[in-house]
Amino acid sequence: MKKLSIIIIGLAFLLVLPLGAAAGPIKLTVAEVHPKDYPTTQGLFKFAELVKQRSGGKIVIDVKYGGQLGKGEKKVVEQVQIGALDMARISVSPVTEFVPALEAFGLPYMWKSQESMWKVLNGEIGKRLLKAVEKYRFYGLNYYEAGARSFYNSKREIKAVGDLKGLKIRVQKSQLMLDLVNTMGANATPIAFGEVYDAISKGVIEGAENNWPSYESTGHYEVAKYYTLDTHTRVPEITVASRIAFDKKLTKDQIALVKKAALDTQDYVIKKWNERVQASKKKVMARGKNIITELTPEAREGFVKSVQPLYDKYGEKHKAIIKEIRAAQ
Ligand code: GTR
């Protein structure tokens with residue numbers, strides 16, 4: 001009797017399990033280094049919401065924010081490329097290590113303004129580069145706003161590019177960023193994003209460079225009080241998916257649905273971004289201890305001139321696209 005009931009229960013399991021598996025949603029994961037309330041993370045939540053809605057609950061996205069899946073973005077991109085992770089929202093900088101064509105977006109003083117950058121990203125060039133990542137086992141889903149990056153440090157006020165000389169400045173794990181910061185006279189040191197706060201507070205490095213929301217949300221402003229708004233780059237964010245994982249888990253139509261939903265959240269993030277820049281400035285200023293430096297026109301000219309050797313190094317291979325980007329703005 002006992003044996004019989006075990007057999008019946010076993011059979012019931014065998015029948016129900018595959019049915020349940022087939023009916024369950026497809027689960028996708030996206031990695032994000034920023035905290036829950038950061039504009040890009042909010043964009044990903046919106047993305048997950050749209051995908052769930054539009055797929056009738058068939059595709060569910062889990063947003064793993066706060067660097068839960070890795071403190072450094074280069075490793076995260078690697079995971080996506082080999083299919084161990086479905087998606088990641090990261091800066092274009094570490095992706096240039098895998099997709100060199102994207103380097104043009106990270107060159108200094110490339111963009112005139114936020115508006116002109118979005119004109120290019122939403123236009124033919126932006127679409128072409130999202131497609132270009134497919135050659136490297138990614139799907140390019142969208143771009144997000146990341147403002148302009150500027151230098152901050154714990155040692156001294158930077159009023160002219162020459163003041164950067166010898167400062168140990170953290171950079172993202174990207175050859176382009178390393179070359180850029182060295183070209184400007186500092187000593188570039190690649191470190192994972194999540195380790196920068198400790199590195200500055202322990203004096204391992206003297207500063208870093210980033211936008212207002214990251215300067216504030218990471219608490220870097222507490223340990224690096226000098227922030228000079230030299231706005232040397234305007235590197236956009238990108239959401240990449242793993243072709244290996246997507247092609248295995250999703251149909252072509254479902255991939256199209258996910259791509260469209262990701263694109264549909266771009267404007268939402270721009271709005272959240274602009275609000276957050278104001279809030280971050282307010283929070284840093286309210287502390288009353290930070291020295292925020294605006295460049296004089298002459299000093300700005302010095303910064304722009306200082307990056308010429310970088311254009312000599314990277315300009316030739318990206319000549320055509322640099323011309324296109326400039327003309328399209
Ligand atoms: C932020 C960006 C992050 C990360 C970080 C960094 O602006 O949003 O994705 O790239 O910079 O400097 O590592």
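Residues numbered from 1 in each chain as written. Predicted model: local features only at pLDDT ≥ 70, side-chain atom pairs only at ≥ 80, totals over all residues. Heavy atoms only, no water.

Buried accessible area, meaning the area lost when the parts come together, often serves as the stated size of an interface. When its domains are assigned, the chain resolves into domain 1 (22-146 + 235-264) and domain 2 (149-234 + 288-328). Taking only C-alpha atoms into account, the centre of domain 1 sits 25 Å from that of domain 2. In this complex, domain 1 contributes 37 residues to the contact, which on the side of domain 2 involves 37 residues. Carbon and sulfur atoms supply 62% of the area that domain 1 and domain 2 bury against each other, a total of about 3000 Å² over both sides. (Domains from an automatic or database assignment. Contact = heavy atoms within 4.5 Å. Buried area = accessible area lost by both parts, 1.4 Å probe.)

Take the nonpolar core next. The biggest cluster of nonpolar side chains holds 57 residues, and the ones touching the most others in it are Leu-102, Phe-105, Met-184, Ile-238, Phe-303 and Ile-325. Here the element with the most residues in this core is helix H8 (residues 175-183); it accounts for five residues. For this core, the domains that each give at least three residues are domain 1 (22-146 + 235-264) and domain 2 (149-234 + 288-328). Every residue in contact with Ile-325, bar those within four places of it in the chain, is listed here: Ala-104, Phe-105, Met-110, Trp-111, Val-120 and Ile-125. (Core = buried A, V, L, I, M, F, W, Y, C linked by side-chain atoms within 4.5 Å. Buried < 20%, exposed > 50% of the residue type's maximum accessible area, 1.4 Å probe, protein only. Helix = DSSP H or I, 4+ residues; strand = E, 2+ residues; numbered from the N terminus.)

Further remarks concern unusual backbone geometry. Non-glycine residue Tyr-109 carries a positive phi angle of around 50°. Among the structural elements, Tyr-109 can be located in the loop between helix H5 (103-106) and helix H6 (114-122). By relative accessible area, Tyr-109 is classed as buried at 18%. Within the chain, Arg-137 stands out as a residue other than glycine whose phi angle is a positive 70°.

Let us now look at the pairing of strand S2 (residues 59-64). Alternating positions in S2 separate cleanly, Ile-59, Ile-61 and Val-63 being buried on one face and Val-60, Asp-62 and Lys-64 remaining unburied on the opposite face. Both strand S1 (residues 26-32) and S2 contribute to a ladder of six bridges, which runs parallel. If you follow Thr-29 over to S2, its bridge partner there is Asp-62. As a crossover connection, the stretch from S1 through helix H2 (residues 39-54) into S2 is right-handed. (Pairing = 2+ DSSP bridges. Right-handed = clockwise from strand over helix to strand, strands pointing away.)

Another aspect to go through is the pattern of salt bridges. Oppositely charged side chains can pair when the atoms bearing their charge come close. Applying the stated rule across the entire model yields 22 salt bridges. Between Glu-324 and Arg-128 there is a salt bridge, with the nearest N and O atoms lying 2.5 Å from each other. On the criterion of sequence distance, the pair formed by Glu-324 in helix H17 (residues 319-328) and Arg-128 in helix H7 (residues 124-132) is long-range, its members being 196 residues apart. Glu-324 gets classed as partly exposed once you look at its relative accessible area, which sits at 29%. (Salt bridge = Lys/Arg side-chain N within 4 Å of Asp/Glu carboxyl O.)

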